[in-house]
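Geometric and topological summary
The chain contents come next:
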Amino acid sequence: MEDIPNKIQSGLGIVADVNKHTKDGKDYLEIKVDPSSFPISYHGEFHYRSGATRQQLTGIALTEFITKKTGVRWEDVTVDGITVDDLDAAT
């Protein structure tokens, strides 16, 4: 009962409640996880479920997925240390 929440925390970086229940003489575990508006990585990898398949997201697909889920666009992100003098008017 103590190992499962710790493994979830180390593998996914999220907190989950684990409860043991008994019904009709059989024991089972309930794992409760709050919804997240941000994608969760599994050991540093992001995956997307499509039907019965699981696709690992990398590169542009990962960027588009995170952008879609969070609603943040690349032009909304600020970059520290940039001044007006660093901008190229021709570009």
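A look at the environment of Gln9
- By the secondary structure assignment, Gln9 is in helix H1 (residues 3–12).
- Setting aside residues no more than four positions away along its own chain, Gln9 makes contact with Ile14 and Val15.

Quick word on the pattern of salt bridges
- This model, assessed by the stated rule, comprises one salt bridge.
- With a closest N to O distance of 3.9 Å, Asp27 and Lys20 form a salt bridge.

Details of unusual backbone geometry
- Of note, the phi angle at Asp24 is positive, near 55°, even though the residue is not glycine.
- Within the fold, Asp24 resides in the loop between strand S1 (17–23) and strand S2 (26–32).
- For Asp24, a relative accessible area of 71% puts it in the exposed group.
- Of note in the backbone geometry, His43 takes a positive phi value of approximately 50° without being a glycine.
- Here His43 is to be found in the loop between S2 and strand S3 (46–50).

What counts and what doesn't
- Residues numbered from 1 in each chain as written.
- Predicted model: local features only at pLDDT ≥ 70, side-chain atom pairs only at ≥ 80, totals over all residues.
- Heavy atoms only, no water.
- Helix = DSSP H or I, 4+ residues; strand = E, 2+ residues; numbered from the N terminus.
- Contact = heavy atoms within 4.5 Å.
- Salt bridge = Lys/Arg side-chain N within 4 Å of Asp/Glu carboxyl O.
- Buried < 20%, exposed > 50% of the residue type's maximum accessible area, 1.4 Å probe, protein only.

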